[in-house]
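A structural walkthrough
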Amino acid sequence: MNLTENIRLAFGSLLANKLRAILTMLGIIIGVAAVITLISVGEGVQDVVVSEFEGLGNNLLFVTPGRVEAGGGFGPPSRSRSELTNDDYLALADPFNVPDLIRVAPTYGRPAIITRGGEEVQVTVTGTTPDYTGVRDFYPVLGDFFTEQDVTTAARVAVLGQTVYEELFPDGDLPTGQTIRINNVNFRVIGLMEEKGGSGFNDQDNVVLVPLNTAQRRLFPARRADGEFRIDQIFAQVISEDRQDAAIAEMALTLRQSRGIEFRDEDDFTILSQSEVVGALGQITGVLTTFLGVIAGISLLVGGIGIMNIMLVSVTERTREIGLRKAVGAKRANILWQFLTEAIILSSIGGLLGLALGAAGAYVISSLSDTLDATVAWNSVVLAILFSAAVGLFFGIYPATRAAALNPIDALRYE
């Protein structure tokens, strides 16, 4: 018996029991749809997270307090030594210390209440320096950014992100020259930043920028007991990507000298490259996507058990047919492939229907989100189809083997 005849017999059997075939395929349909949808969403989340960090700027290095332990967490040896300070920033900003850096921008921010008239919003207010725009590739579209003079004098000026502007100025008035209150302190708005974009994970437009000294002295006192001013993080932009390793080495040496770290002592700071951060996030979200796919794949196994169950019932119902086929010369392999073909076709049709349902689910999720693009990847399509066929093959082997092993005389006598 050739393949064409097996396929014809398989479709004939399935069409003779339409409702049972549909119910049997339901487990495969749901399983494949779940796999396609969850993998698409997981990859969409991965793209969003990675693109956000790639959008921070070009050739960036991040300096954070504390050091990365072997276990992956941050473990500062002592709080007073682990905090970054203005002296660290000034040491890195000196081109004689780190010639491979173009710009260096510190940040120091805390949540604050911003009010204007009857409008109020809680947002993170970040103190920084004029180099922040170049480091982050983030510029005003209206007005100006603050100057070094504003930083030196701790001027009460602010630049708004697009999200904050929309909430404080719902009527669409021009923000420049207007007065807002940050923690009950009056500030003059001098600029409006371009739309950077973001998502529910991190809206980069939901920010208010003020001069560094203003944040440290007027809004969120940052002076330590030793008189130094603490900062949260330092952004540094490298001249070119191929000078990144050299810049990291120069920065590490400069910071060790600035912080008075002895030769044998470990660093109490961490320097991360943008590619390292993006790679780490990609690995985390990749593991999450795989985990979601495995969970969804469990339903495929349940669907496979359903196929095996129905195929066993089919073998029992068609015992006399099997005996008759064997009596007229059908070999064991012919019977085996007849039932295996039926199981594979059953699961493959279910896989195709599940693929269509999963693609529809991914489209619906994408349409409901402004930032998440849950695109169905070709590898997940191939994986789902091959896996559904493999499920049919695996769970069809036992019923097919049982059918092929029937004794023709006993089968013909079966009532």
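Residues numbered from 1 in each chain as written. Predicted model: local features only at pLDDT ≥ 70, side-chain atom pairs only at ≥ 80, totals over all residues. Heavy atoms only, no water.

The next point concerns the overall build of the protein. Per the secondary structure count, the protein includes 14 helices and twelve strands. A burial count over the protein gives 47% of its 415 residues as buried. Across the protein, every contact between residues at least 6 apart in sequence was considered, and the portion connecting residues at least 24 apart equals 77%. Total accessible area on the protein is roughly 20600 Å²; 58% of this is exposed by carbon and sulfur atoms. (Helix = DSSP H or I, 4+ residues; strand = E, 2+ residues; numbered from the N terminus. Buried < 20%, exposed > 50% of the residue type's maximum accessible area, 1.4 Å probe, protein only. Contact = heavy atoms within 4.5 Å. Areas by Shrake-Rupley, 256 points an atom, 1.4 Å probe, with all protein chains shown as cover.)

A word on the pattern of salt bridges. A complete count under the given rule lists ten salt bridges for this structure. The closest approach of N and O atoms between Glu228 and Arg224, which form a salt bridge, is 3.5 Å. A residue is classified by how much of its surface remains accessible, and Arg224, at 12% relative accessible area, is buried. Note that Arg256 and Asp267 form a salt bridge whose closest N and O atoms lie 2.5 Å from each other. With Arg256 in helix α9 (residues 244-258) and Asp267 in the loop between α9 and β12 (269-273), this pair connects stretches of sequence that are eleven residues apart. Residue classification places Asp267 among the partly exposed residues on the basis of a relative accessible area of 26%. In this structure, a network of salt bridges that share partners links the residues Glu83, Arg224, Asp226, Glu228 and Arg230. (Salt bridge = Lys/Arg side-chain N within 4 Å of Asp/Glu carboxyl O.)

Here we come to the pairing of strand β1 (residues 60-65). Burial analysis of β1 places five of its six residues in the buried class, which makes it a mostly covered element. Two strands pair when backbone bridges link them, and β1 and strand β11 (residues 233-238) are joined in this way by four bridges, in the antiparallel orientation. Bridging across to β11, Leu60 finds its partner in Gln237. (Pairing = 2+ DSSP bridges.)

The next subject is the nonpolar core. In terms of nonpolar packing, the biggest core is built from 61 residues, with Ile114, Ile182 and Val208 touching the most fellow members. If near-sequence neighbours (up to four positions away) are discounted, Ile182 is found in contact with Ala112, Ile113, Ile114, Val125, Ala158, Phe187, Val208, Val210 and Leu219. Judged by nonpolar contacts, the second largest core, of 22 residues, contains Ile28, Val315, Leu346 and Leu355. (Core = buried A, V, L, I, M, F, W, Y, C linked by side-chain atoms within 4.5 Å.)

As a further point, take the packing of aromatic side chains. The relation between two aromatic rings is expressed through the spacing of the ring centres and the mutual angle of the planes. Inspection of every chain in the model, using the stated rule, returns four aromatic pairs. Taking the centre distance of 6.5 Å and the plane angle of 85° together, the rings of Tyr132 and Phe235 count as edge-to-face. On the criterion of sequence distance, the pair formed by Tyr132 in helix α5 (residues 132-136) and Phe235 in strand β11 is long-range, its members being 103 residues apart. For the pair Tyr132 and Phe235, a shared accessibility class is recorded, and that class is buried. (Phe/Tyr/Trp six-rings, centres within 6.5 Å; stacked < 30°, edge-to-face > 60°.)

Time to look at the pairing of β12. When you tally the buried positions in β12, you get four out of five residues, the bulk of the element. Two elements, β1 and β12, share five bridges in a ladder whose sense is antiparallel. The partner of Phe62 across the bridge, within β12, is Leu272.

All right, on to the side chain of Arg256 then. Classification of Arg256 by relative accessible area gives buried; the value is 18%. A distance of 2.5 Å separates a polar atom in the side chain of Arg256 from a polar atom in the side chain of Asp267. Leaving out residues up to four positions away in the same chain, Arg256 has contacts with Ile261, Glu262, Phe263, Asp265, Glu266, Asp267 and Phe269. (Polar contact = N/O pair within 3.5 Å; in protein donor to acceptor, adjacent residues only side chain to side chain.)

Interhelical geometry of helix α4 (residues 86-93) versus α9 gives an angle of 140° and a closest axis separation of 9 Å. Judged by the inter-axis angle, α4 sits oblique to α9. Where α4 crosses over α9, the two elements pack in a sense that is right-handed. Seen from α4, the contacting residues are Asp87, Asp88, Ala91 and Leu92; seen from α9, they are Met251, Thr254, Leu255 and Ser258. Its residues assigned to classes, the contact of α4 with α9 shows four nonpolar, two polar and two charged. (Axes fitted to C-alpha atoms, helices over the stretch in contact; angles between N-to-C directions. Parallel < 35°, antiparallel > 145°, perpendicular 65-115°, else oblique. Left-handed = near helix turned anticlockwise from the far one by under 90°. Nonpolar A, V, L, I, M, F, W, Y, C, P; charged D, E, K, R; others polar.)

This part takes up a negative patch on the surface. Residues Glu119, Glu166, Glu167, Asp171 and Glu195 make up a contiguous surface patch of negative charge. In this structure, Asp171 sits in the loop between α7 (162-168) and β7 (179-182). (Patch = residues over 30% accessible without salt bridge, like charges linked within 9 Å, V, L, I, M, F, W, Y side chains within 5 Å. Lys, Arg positive; Asp, Glu negative; His and termini not counted. Charge placed at Lys NZ, Arg CZ, Asp CG, Glu CD.)

Relative to the assigned elements, Ser388 resides in helix α13 (residues 378-404). With relative accessibility at 0%, the residue Ser388 sits in the buried group. For Ser388 and Gly350, which are 38 residues apart along the polypeptide, the C-alpha to C-alpha distance reads 7.7 Å.

The next thing to look at is the confidence of the model for the protein. Model confidence for the protein is summarised by a mean pLDDT of 79, while 79% of its residues fall at 70 or above. Ranking the elements of the protein by mean pLDDT puts helix α3 (residues 79-82) last, at 51, and strand β6 (residues 157-160) first, at 95. The model gives residues 69-81 a pLDDT under 50, and that stretch makes 20 contacts with residues more than four places away or in other chains. (pLDDT = per-residue confidence, 0-100.)

Let us now look at the side chain of Gln216. Tracing the sequence through the fold places Gln216 in helix α8 (residues 212-219). You can call Gln216 buried: its relative accessible area is 1%.

Let's shift gears to the environment of Gln216. Residues Gln216 and Gly109, spaced 107 residues apart in sequence, show a C-alpha to C-alpha distance of 8.7 Å. Discounting residues that sit within four places of it in the chain, Gln216 has contacts with Asn86, Tyr108, Pro221, Ala222, Phe229, Arg230 and Ile231.

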